[in-house]
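# Remarks on the overall topology
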Amino acid sequence: MRKVNLIAVFTPDESKLLFCHRRKDPYRGKYNLVGGKLEPGEDGLEAAYRELWEETGITREQITLAHMMDFTYYDEGCRLEVYAGTLREEVAVAGEENPLEWLGMDEDFFSLEKFAGEGNIGHILEHMKSYRGE
């Protein structure tokens, strides 16, 4: 089964969330959380830190990630691991593959026109809010 991850990165005050604006399919032209593919035998948390560094330049010294949930898509042979963390300080981010953008937490993350994942980003963030007691 193919394994991939998504990483929710919050600003220090948790008012914004980091997204990539996808340049290619799937989800070309839509916003998605950063993430990528796990290498065979790679630990999920280590893969999340590696992908975060590769896609944004954020280091493990700047954020602590927590494994929040998984989705298994049996029909696609894919397992999606979801991680989240809040930056310890403001950082400059840079994405070579996809442009990066901070979006406010007042967005409609369930919007199928704007966000990737068939509403899963909205579901993930609603779960995180309930976990944090919001």
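Thresholds, definitions, all that
- Residues numbered from 1 in each chain as written.
- Predicted model: local features only at pLDDT ≥ 70, side-chain atom pairs only at ≥ 80, totals over all residues.
- Heavy atoms only, no water.
- Helix = DSSP H or I, 4+ residues; strand = E, 2+ residues; numbered from the N terminus.
- Rg over C-alpha atoms; globule rule 2.2 N^0.38 Å.
- Buried < 20%, exposed > 50% of the residue type's maximum accessible area, 1.4 Å probe, protein only.
- Contact = heavy atoms within 4.5 Å.
- Expected span 1.5 Å × (residues − 1).
- Core = buried A, V, L, I, M, F, W, Y, C linked by side-chain atoms within 4.5 Å.
- Salt bridge = Lys/Arg side-chain N within 4 Å of Asp/Glu carboxyl O.
- Phe/Tyr/Trp six-rings, centres within 6.5 Å; stacked < 30°, edge-to-face > 60°.

### Quick notes on the overall build of the protein
- When helices and strands are tallied, the protein shows two helices and seven strands.
- Rg of the C-alpha trace for the protein: 14 Å, near the compact-globule value of 14 Å for 134 residues, within the 12% margin.
- Reported as C-alpha extents along the three principal axes, the dimensions of the protein are approximately 40 × 30 × 30 Å.
- Burial status across the protein gives 43% buried among its 134 residues.
- Looking at the protein alone, contacts between residues at least 24 apart form 63% of all its contacts between residues at least 6 apart.

### What to know about helix H1 (residues 44-56)
- Between the first and last C-alpha of H1 there are 18 Å, a value that for 13 residues agrees with the 18 Å anticipated at 1.5 Å per step.
- As for H1, its buried residues are in contact with strand S1 (2-10), strand S2 (16-21), strand S4 (34-37), strand S6 (78-86) and strand S7 (100-104).
- One or two positions beyond H1, positive phi appears at Gly-57, with a value near 85°.

### Observations concerning the nonpolar core
- Among the nonpolar cores identified, the biggest contains 22 residues, and Phe-19 and Met-128 are the most heavily contacted of them.
- Those elements giving two or more residues to this core turn out to be S1, S2, strand S5 (66-73), S6 and helix H2 (120-131).
- Contact partners of Phe-19, with chain neighbours within four places excluded, come to Tyr-31, Asn-32, Leu-33, Pro-99, Leu-100, Glu-101, Leu-103, Phe-109, Phe-115 and Ile-121.
- Grouped together as the second largest cluster of nonpolar side chains are 14 residues, Leu-52, Tyr-83, Leu-87 and Val-91 included.

### Some points on the pattern of salt bridges
- This model, assessed by the stated rule, comprises nine salt bridges.
- Between Arg-50 and Glu-54 there is a salt bridge, with the nearest N and O atoms lying 3.2 Å from each other. Separated by four residues within a single helix, Arg-50 and Glu-54 lie in helix H1, roughly one turn from each other.
- The shortest N-O distance in the salt bridge between Glu-107 and Lys-114 comes to 2.8 Å.
- What you see here is one network of salt bridges that share partners, running through Glu-42, Arg-50, Glu-51 and Glu-54.

### Some remarks on the packing of aromatic side chains
- Scanning the model with the defined rule gives six aromatic pairs in all.
- Ring plane angle 80° and centroid distance 6.3 Å describe the contact between Phe-19 and Tyr-31, whose orientation is recorded as edge-to-face. Here Phe-19 is found in strand S2, whereas its partner Tyr-31 is found in strand S3 (residues 31-32), with twelve residues between them in sequence.
- Residue class for Phe-19 comes out buried when judged on its relative accessible area of 0%.
- Here Phe-109 and Phe-115 contribute two aromatic rings whose centre-to-centre distance is 5.2 Å and whose plane-to-plane angle is 55°, an arrangement assigned as tilted.
- Here the aromatic residues Phe-19, Tyr-31, Phe-109 and Phe-115 are joined through ring pairs into a cluster of three or more.

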